[in-house]
Amino acid sequence: MKPTAVLDIGSSKVVCLVGNIAERDGIIVHGVGIAACEPYLNGEFTDKQGLHDAIIDVIQKAEQESHTRIREIVLTVPTGFLELELSDVTMSFGDRARVVENDDVDQLIAKSFKKVSKPEDCILIHSTPVFFLVDGISSAEIPVGIETEEISALIAHIFVKKVFLDTIQDMLEDIGVEISMCISSMLGEALMLIPDQERVRPAVLIDVGYRQTDICVMEGSALTALSSIPMGGYQFASDLAFGLEVTQESAEQAKRRFVFSLDYGDKTEILRTETESKRVANSTIAYVIEARANELAELIRDQLEQMNVNIEAKPVVYLSGGGLLMMRGSLEFLKKKLNLAIKRDMPWTPRLSSPNYCSSFGALYFVLRANRPAEETPQKPERDEDSFLNKLKNFFTK
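This write-up is about the structure you can find in this document.

### Section: the overall build of the protein
When helices and strands are counted, the protein shows 11 helices and 20 strands. In terms of overall size, the protein behaves like a compact globule, its C-alpha atoms giving a radius of gyration of 23 Å where 398 residues would be expected to give roughly 21 Å. Counting every position in the protein, which comprises 398 residues, the buried fraction comes to 54%. Contacts spanning at least 24 positions in sequence make up 68% of the contacts within the protein whose residues lie at least 6 apart. Entry remark: accessible area of the protein is about 18400 Å², with carbon and sulfur atoms responsible for 47%. Across the protein, the mean location of the 42 positive side-chain charges is 4 Å away from that of the 60 negative side-chain charges.

### What to know about the nonpolar core
Core analysis: the largest hydrophobic core is formed by 68 residues, its most contacted members being Leu7, Ile9, Ile55 and Ile168. Tallying contributions element by element places helix α10 (residues 358-371) first for this core, with 8 residues. If you look at the next biggest cluster of nonpolar residues, it comprises 45 residues, including Val217, Ala297, Val309 and Ile311.

### As for the sheet that holds strand β13 (residues 178-184)
With mixed pairing, 5 strands are arranged side by side in an open sheet as β3-β2-β1-β6-β13. The sheet is open, and its two edges are formed by β3 (27-36) and β13, each paired on a single side. Within this sheet the neighbouring strands show an average axis-to-axis angle of 25°, counted without direction. The pairing of strand β6 (residues 72-77) with β13 spans 6 bridges and is parallel. Looking across to β13, one finds that valine 77 is bridged to serine 184. Against the sheet, helix α1 (residues 48-66) engages β1 (4-9), β2 (13-21), β3 and β6, with an angle of about 150° to β3. Contacting β1, β6 and β13, helix α4 (residues 185-193) crosses the sheet at an angle of about 65° to β13.

What counts, and at which threshold
Residues numbered from 1 in each chain as written. Predicted model: local features only at pLDDT ≥ 70, side-chain atom pairs only at ≥ 80, totals over all residues. Heavy atoms only, no water. Helix = DSSP H or I, 4+ residues; strand = E, 2+ residues; numbered from the N terminus. Rg over C-alpha atoms; globule rule 2.2 N^0.38 Å. Buried < 20%, exposed > 50% of the residue type's maximum accessible area, 1.4 Å probe, protein only. Contact = heavy atoms within 4.5 Å. Areas by Shrake-Rupley, 256 points an atom, 1.4 Å probe, with all protein chains shown as cover. Lys, Arg positive; Asp, Glu negative; His and termini not counted. Charge placed at Lys NZ, Arg CZ, Asp CG, Glu CD. Core = buried A, V, L, I, M, F, W, Y, C linked by side-chain atoms within 4.5 Å. Pairing = 2+ DSSP bridges. Axes fitted to C-alpha atoms, helices over the stretch in contact; angles between N-to-C directions.

Encoded structure:
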């Protein structure tokens, strides 16, 4: 199978992966390109020239390493540039029951799309059924082959802001690359990290990045809620730099060495200022970092409530991103503050085995599974979700 290229644009870096499917649902990464960049904040571009240079740099690096000429690329879309609309719809077959066919499901999704309030200056990138209702029974499985008089469904429609798509496409044209598909970065990540059985009821993914925290609610194979908080790992270091009057780089290093819930006693460490070095008590560093961490936890809790997540029902919650998980003890800290059994489950990879590459691998994982030829797994029957992803793929293609 031809290698697939993915371009993942994060809040602090741009990543290009070139990969292919391996045995047992694995992924082979042939080439990688990574460049530091802070291109957007709160759904607005802040450094277009820096983003342009980073995109060209990472694609060229990935091409060189993979010995592949990239002409088409899958683009991940950050949460801040997405709009989500939910629509329920019913389609009757008349007075007589008949067997549901694939075309009926397609018509149901199209009918649902006509009902949504289409966001201004946005383009639909995918429509995903959350569940189907047949004869009073709700199920995430496509009801093809079932005999009934009518079918109903709740459909999630996700739109990308046209300014994002146009901006990236213009940058890619400089090196002769086209966007073949757009995918929500959170969708690919959630499908990779959260097992099928845990998405039967609403599951939550929290991605704490460097400059922002994205949250999504996942039901089956669909996103049913999306939100973003303008806070991430950068703010922890920024607070240290400002409060202790040290450089941002020195504050970042102190943040990475910090361990939540550790009794530092009278220990100190030396941090650099613009002109000299200074000795700082570890307890002071802990005070600053934990204050910001408490604030982030409260914002996450508030956001979950606004997204109608029933925290008391103890939903399945996964944590990803490098903004918090790269700090030791952070998972246990957030578990305690939110009173939730939060999990982290970044699949191990020989390269880039770090939670801050979850979105990149999630997009590659999604596309490779959707594109996988059926003959590659002759002994194993195709899972419902695998066949559904193949069907879903049509709604992702630009």
